[in-house]
Amino acid sequence: MTARLLQSLGVVFVLGLVAASFGALLVLRDRVRIVVQQDQVPAGPDATALLRDDVLVLTRRTDELQAASAANFERLGNALEQRAEARHEDVLALRAQVDRLRAQLDEQRSAVDALDRRLQQAPAPNDAAVQATDPVAAPPPPAVAEPAPAPVADAKSAAKGTGFLSFTLPSTAFHFDAPQDYTLVPALCRVGFDAKSTLHDFTGATSNVAGHFRADFDDPDGAWTGEVTAEAGKLVTGVDGRDSSMWEYLDAKDHPQIRFEIVRFRPAAGGVDVERQTARGDIVGRMTIHGQTRELTMPVHIEVDPQKRVVVTGQAPLKLSDYGVPVPSQLGVINMQDEVVVWVALRARVQAETRK
Amino acid sequence: MSSPRACARWLAWLAAAAGTAGCIGSSVVATEDRLVVPRLEDLQFTPAAGLQLSGLYESIEVRGDAAVSLRKVYYLFGPDGSYTAAALTEADGVPSFQTLNGTWRSDEAGLSLDGGAPVLLEQAPEHLRITAPNGVLVLRRGSLQ
């Protein structure tokens, strides 16, 4: 009974509360305003703006980085290209060096082979020291033959070295059958003439010779160029009085030079032997004596001596009167013939060229 | 016009000239003697294996392919196995000196420069001859002034 009473009281109390609430709502309905207020945030910069700034900064930095990277990449690319070009040039230089070394090696092999051949063919070479003879001197005594040198197997192995007896030579190439420049060696040259006179025949000669020429001894067209000059006032016959008369006749004061200009070489048929390095033929040129120039053809013989000098010997007749030289005569009794034989005996050294 | 005396004088002169002509020999240089030939000294070279070198030597002849560009060589050998040398070479018309310092050894195998392969060494009084693969060098003893 009590429990039922308490339950009824509770229901009545709840209903009373609800009724009171509705009543209060009705009374205060116009006085109540619900405001949803934003949470208060601490004072400071706007996070969005900050974020935006950050984004902008990042964007700018990215752009800068991109620009810098592009420049760097470009620089890197250029550097790599330059390095590649340099490497390429290095490779080309190395290739050229290898080619040169191969050429030198071939040259040295050829030299060794040639030496072998020479040693086989010449069991007793005739070697001795060198001294030039005086002009118009008696022939030197024949050289005494020497025993053959020992086999040069040892020497052959030296071909692997860097050059000739530790020296590096700019060139050891001599080409008989290719155009080369030659320069006369005056101390080993002599030009002159043989004359006939009533009393006796005589020779006038001089070693005061200079000249140069360019020649390919195997050129069938003989396209040679060059010249040989001699001092007229240095011609000597061995008799002082005759020499001074000769210089007067040649008018050596006004025409101090006798000059032969080489126009071309006309090889004789079968006259060129490249292997033996000899040649025969005619040198055609212009001879100037006493200021008068005439064409002159001189048959010559050409060979190469062991010192790799070219030896040119030859002679040709000419008439003094053709060159306006008075023919000497003493009292009309001692007469010299108008025709003399001019001759040359020349040694010329090839102008070595740097190995390419 | 000419008197007998003058004729006689001319005849005498001609006779004298003819006689003189007979006395004066021809001074024509023989064809084979026209060329200036390097005078060959009578040098007898003998093998010089093991020769102990000392002093100054200068080249008086270069033969073979080396002669194309080599003009002159000087060697100064020291008894201690050292040497100094100079070579005058010419290329493209320009002469230039090369100098070397190194070591030499001479034994049964020949002359070895700077430890290189030995080459044939021969000697004659006051002279040396060195035969290398691409040339022969004849040296004469010199003196330092």
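Because the structure is a prediction, the values reported are computed rather than measured.

1. Notes on the overall build of chain B
- When you go through chain B residue by residue, the secondary structure sums to 1 helix and 9 strands.
- Helices and strands in chain B line up, N terminus first, as α-β-β-β-β-β-β-β-β-β.
- Going through the 145 residues of chain B one by one, you find that 34% of them count as buried.
- When contacts within chain B are restricted to residue pairs at least 6 apart in sequence, long-range pairs at least 24 apart make up 44% of them.

2. Brief notes about the overall build of chain A
- Along the backbone of chain A there are 4 helices and 12 strands.
- Within chain A, residue pairs in contact and separated by at least 24 positions form 62% of the contacts whose partners lie at least 6 positions apart.

3. Here's the deal with the confidence of the model for chain B
- Within chain B, residue pLDDT values average 86, and 81% of them lie at 70 or more.
- The ipTM value of the predicted complex is 0.79, and its pTM value is 0.63.

4. What about the sheet that holds strand β3 (residues 70-77) of chain B?
- Pairing in this open sheet of 9 strands is antiparallel, and the strands run β1-β7-β8-β9-β2-β3-β4-β5-β6 (chain B) from one edge to the other. At either margin of the open sheet sits one strand with a lone partner, and together these are β1 (46-47) and β6 (110-113) of chain B.

5. What to know about the nonpolar core
- Membership of the largest hydrophobic core comes to 84 residues, with the highest contact counts inside it found for Cys189(A), Val312(A), Leu346(A), Leu70(B), Ile130(B) and Leu137(B).
- Ranked by residues supplied to this core, first place goes to strand β12 (residues 339-350) of chain A with 8 residues.
- The contact partners of Leu137(B), leaving out residues within four places of it in the chain, are Leu165(A), Ser59(B), Val62(B), Val73(B) and Ile130(B).

6. Some remarks on the confidence of the model for chain A
All names here are of chain A.
- Overall, the predicted model of chain A reaches an average pLDDT of 81, with 81% of residues at or above 70.
- When the elements of chain A are averaged for pLDDT, helix α3 (residues 153-157) gives the smallest value, 34, and strand β8 (residues 292-304) the largest, 97.
- Note on residues 123-162: pLDDT is under 50 here. Beyond four places in sequence and across chains, it has 89 contacts.

7. Quick word on the pairing of strand β4 (residues 209-215) of chain A
All names here are of chain A.
- Here β4 shows a clear split, with Val209, Gly211, Phe213 and Ala215 buried on one side and none of Ala210, His212 and Arg214 buried on the other.
- Note: strand β1 (residues 180-184) against β4, 4 bridges, orientation antiparallel. Paired with Thr183 across the two strands is His212, which belongs to β4.
- Bridge analysis of β4 against strand β5 (residues 225-231) gives 6 bridges, and the strand direction is antiparallel. Bridged to Gly211 within β5 is Val228.

8. Here we look at unusual backbone geometry
- One non-glycine residue, Gln277(A), adopts positive backbone phi at about 55°.
- Mapped onto the secondary structure, Gln277(A) falls in the loop between β6 (257-273) and β7 (278-289).
- One non-glycine residue, Asp92(B), lies in the positive phi region at around 55°.
- Within the element layout of this structure, Asp92(B) appears in the loop between β4 (82-91) and β5 (94-107).
- When the 12 C-beta atoms within 10 Å are taken as the criterion, Asp92(B) is described as exposed.

9. Considering helix α1 (residues 2-28) of chain A
- Between its terminal C-alpha atoms α1(A) stretches 38 Å, which fits the 39 Å expected from 27 residues at 1.5 Å a residue.
- Little of α1(A) is tucked away, with 0 of its 27 residues classed as buried.

10. Digging into the pairing of strand β2 (residues 190-195) of chain A
Residues and elements named next belong to chain A.
- Judged by how many residues are buried, β2 sits mostly within the fold: 6 of 6 residues are covered.
- Covered by surrounding structure in β2 are Arg190, Gly192 and Asp194 together with Val191, Phe193 and Ala195, the residues of both alternating faces.
- Direction of pairing for β2 relative to β12: antiparallel, over a ladder of 5 bridges. Bridge assignment links Val191 to a residue of β12, and that residue is Val344.
- Two elements, β2 and strand β3 (residues 202-206), share 5 bridges in a ladder whose sense is antiparallel. Counted as the bridge partner of Gly192 is Ala205 from β3.
- In sequence, β2 turns back onto β3 through a hairpin of 6 residues.

11. As for the environment of Ser245(A)
Residues and elements named next belong to chain A.
- Position of Ser245 among the secondary structure elements: in helix α4 (residues 240-250).
- In this structure Ser245 comes out as partly exposed when scored by C-beta crowding, with 14 C-beta atoms within 10 Å.
- Spatially, the C-alpha atoms of Ser245 and Pro328 are 8.4 Å apart, while their sequence positions differ by 83 residues.

Conventions used here
- Residues numbered from 1 in each chain as written.
- Chains lettered and ligands numbered in written order.
- Predicted model: local features only at pLDDT ≥ 70, side-chain atom pairs only at ≥ 80, totals over all residues.
- Helix = DSSP H or I, 4+ residues; strand = E, 2+ residues; numbered from the N terminus.
- Buried ≥ 20, exposed ≤ 12 C-beta atoms within 10 Å, placed from the backbone.
- Contact = placed C-beta atoms within 7 Å.
- pLDDT = per-residue confidence, 0-100.
- Pairing = 2+ DSSP bridges.
- Core = buried A, V, L, I, M, F, W, Y, C linked by C-beta atoms within 7 Å.
- Expected span 1.5 Å × (residues − 1).

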